[in-house]
Amino acid sequence: MVAFTEEHQAFRKTVRTFVEREIDPYVDAWERDGRMPTHELFGKLGELGFLGLEYDPAYGGGGADHLFAVVLAEEIGRADAAGVGMAIAVQTDMATPSLHRFGSEELKQTYLAPAIRGEHVTAIAVTEPDAGSDVAGLKTRAVRDGDHWVIHGSKLYITNGVEADWLCLLARTSDEGGARGMSQIVVPTDTPGVSVSRKLDKLGNRCSDTAELAFDGARVPISNTIGREGRGFQQQMAQFQNERMVACYGRVGACERALDRTAAYLRGREAFGGPLIGNQYLTYQLAELYARLDMCRHYNYACAEAFMRGEDTSKFATIAKLAVGRLCEDVARTCLQYHGGLGYMEETWTARFLRDMRITSIGGGADEVMLQVIAKMHGM
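Thresholds applied
Residues numbered from 1 in each chain as written. Predicted model: local features only at pLDDT ≥ 70, side-chain atom pairs only at ≥ 80, totals over all residues. Heavy atoms only, no water. UniProt positions renumbered as here; feature names shortened; annotations may be inferred. Core = buried A, V, L, I, M, F, W, Y, C linked by side-chain atoms within 4.5 Å. Buried < 20%, exposed > 50% of the residue type's maximum accessible area, 1.4 Å probe, protein only. Helix = DSSP H or I, 4+ residues; strand = E, 2+ residues; numbered from the N terminus. Contact = heavy atoms within 4.5 Å. Polar contact = N/O pair within 3.5 Å; in protein donor to acceptor, adjacent residues only side chain to side chain. Axes fitted to C-alpha atoms, helices over the stretch in contact; angles between N-to-C directions. Parallel < 35°, antiparallel > 145°, perpendicular 65-115°, else oblique. Left-handed = near helix turned anticlockwise from the far one by under 90°. Nonpolar A, V, L, I, M, F, W, Y, C, P; charged D, E, K, R; others polar. Phe/Tyr/Trp six-rings, centres within 6.5 Å; stacked < 30°, edge-to-face > 60°. Salt bridge = Lys/Arg side-chain N within 4 Å of Asp/Glu carboxyl O.

Per an unreviewed UniProt entry, the protein chain goes by the name Acyl-CoA dehydrogenase family protein and belongs to Actinomycetospora chlora. For the record of the protein chain, the UniProt heading Sequence similarities (unreviewed entry) holds the text "Belongs to the acyl-CoA dehydrogenase family." Recorded in UniProt for the protein chain, the comment headed Cofactor (unreviewed entry) runs: "FAD".

Next comes the structure, spelled out in structure tokens:
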């Protein structure tokens with residue numbers, strides 16, 4: 001059993017209270033509007049230290065262990081709309097890890113510290129129209145011109161892309177093909193030549209803005225390069241591990257709450273002469289999902305402990321991403337089914353949950369890519 005301390009448990013109560021007071025009462029409106037007040041919400045999260053739990057205190061981080069990040073993700077995952085957790089995870093575990101690990105002191109002070117305080121909203125700009133899970137196929141280019149990069153290209157499906165103050169951009173900085181010759185670059189979104197082509201209309205996670213971005217001769221200093229020039233692909237692959245890990249932590253929290261809510265509904269719903277919870281088939285189906293959930297949770301905890309020991313968690317993160325994604329689909333489908341016609345109504349949480357969970361097996365590497373990686377790990 002992973003060693004959660006009293007401090008971790010107190011933090012869990014703090015995050016759950018925040019979700020209940022600052023998120024859940026407003027998500028219906030945010031979902032309806034297709035946006036949320038990201039800067040306002042992140043400002044509150046920053047004041048509580050939620051946006052830089054594991055980061056160096058020199059930049060406003062908490063210097064905490066990774067289990068605090070596990071707790072944060074699990075509890076934010078319990079929110080009434082998954083889009084909120086998606087936006088937060090981009091800030092904490094997708095757009096900033098490389099900057100914290102590899103960025104210069106100047107970049108950290110200028111961009112990381114305000115992100116930790118919640119003053120800046122960030123986004124990770126990797127995916128392109130012709131390069132989704134195939135990151136090595138991206139075409140956006142940054143060409144050196146004196147002391148600046150000149151950037152041309154486009155990025156697609158960029159979470160926080162409309163609200164972002166700066167981007168962690170992955171672009172080609174040399175003529176080398178494939179995974180070689182890429183660099184990560186901090187790009188402020190107010191840079192001339194950077195624009196939002198369109199805000200995308202998604203199936204789920206609707207309160208979290210997602211954009212297509214265009215780069216038309218955008219100039220940023222060479223000093224905005226994160227880490228070593230030409231090492232962007234490798235740095236991004238490491239950053240993807242953070243993304244997959246925190247996504248799996250959060251989805252366990254989401255699925256647990258969904259199963260609990262469904263069990264409670266079955267206890268109160270009378271049909272065929274008694275409560276539906278008395279139907280053995282229904283209870284066994286829920287029991288099996290609870291069992292799978294518990295296995296995923298403890299696999300996540302094993303991954304977290306390996307991460308804290310400094311081990312490579314690529315295999316953990318890949319397998320967890322695959323298993324948790326499939327669990328999400330089964331939980332969402334079952335919860336909606338057990339609510340019957342009511343579950344098909346927009347007024348019920350089950351419809352939104354079904355839509356929100358579907359991205360788990362697509363974003364951050366599709367199931368098919370996870371299977372390909374696992375096959376390679378086994379020499380196939």
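**Re the nonpolar core**
Core analysis: the largest hydrophobic core is formed by 63 residues, its most contacted members being Ile23, Leu41 and Val84. Ranked by residue count, the leading element in this core is helix H4 (residues 66-77), at 7 residues. Beyond its immediate sequence surroundings of up to four residues, Ile23 is in contact with Phe18, Trp30, Leu41, Ile76, Ala79 and Val84.

**Regarding the side chain of Gln91**
With respect to the secondary-structure elements, Gln91 resides in helix H5 (residues 82-94). Separated by 3.1 Å, the side chain of Gln91 and the backbone oxygen of Ala115 make a polar contact. Discounting residues that sit within four places of it in the chain, Gln91 has contacts with Phe42, Leu51, Thr96, Ala115, His120, Val121 and Thr122.

**Here we look at the UniProt feature "domain: Acyl-CoA dehydrogenase/oxidase C-terminal" (unreviewed entry) in the protein chain**
The sites that UniProt annotates as "domain: Acyl-CoA dehydrogenase/oxidase C-terminal" (unreviewed entry) are residues 230-376. End C-alpha to end C-alpha, residues 230-376 measures 25 Å, and it is 78% helix and 3% strand.

**Digging into the packing of helix H9 (residues 280-308) against helix H10 (residues 314-338)**
Relative to each other, H9 and H10 sit at 155 degrees, their axes nearing to 10 Å. The angle between H9 and H10 falls in the class roughly antiparallel. Once H9 is placed against H10, the crossing between them reads as left-handed. Grouping the constituent residues of the contact of H9 with H10 by class yields 19 nonpolar, 3 polar and 4 charged.

**What to know about the UniProt feature "domain: Acyl-CoA oxidase/dehydrogenase middle" (unreviewed entry) in the protein chain**
Feature annotation in UniProt places "domain: Acyl-CoA oxidase/dehydrogenase middle" (unreviewed entry) on residues 123-216, given in this structure's numbering. When the span residues 123-216 is considered, its composition is 0% helix and 50% strand, and the gap between its end C-alpha atoms is 18 Å.

**Overview of the packing of aromatic side chains**
For any pair of aromatic rings, the description consists of the separation of the ring centres together with the inter-plane angle of the planes. Summed over the entire model, instances satisfying the criterion amount to 8 aromatic pairs. Considering the side-chain rings of Phe4 and Tyr301, the 5.2 Å spacing of their centres and the 80 degrees angle between planes classify their relative orientation as edge-to-face. Residue Phe4 is located in the segment before helix H1 (6-23), and its partner Tyr301 is located in helix H9; the two are separated by 297 residues in the primary sequence. Each member of the pair, Phe4 as well as Tyr301, carries the same accessibility label: buried. With a centroid separation of 5.8 Å and 65 degrees between ring planes, the pair formed by Tyr111 and Trp166 is classed as edge-to-face. Remark: Trp166 occurs in strand E4 (residues 166-172) and Tyr111 occurs in helix H7 (residues 105-117); sequence separation between them is 55 residues.

**Quick notes on the pattern of salt bridges**
For the structure shown, the criterion picks out 29 salt bridges. A salt bridge links Glu212 to Arg198; its shortest N-O distance comes to 2.6 Å. Of the two residues, Glu212 is situated in strand E7 (residues 210-221) and Arg198 in strand E6 (residues 194-199); the sequence distance between them amounts to 14 residues. Residue Arg198 is classed as partly exposed on the basis of its relative accessible area of 46%. Residue Glu346 is joined to Arg355 by a salt bridge in which the shortest nitrogen-to-oxygen separation is 2.7 Å.

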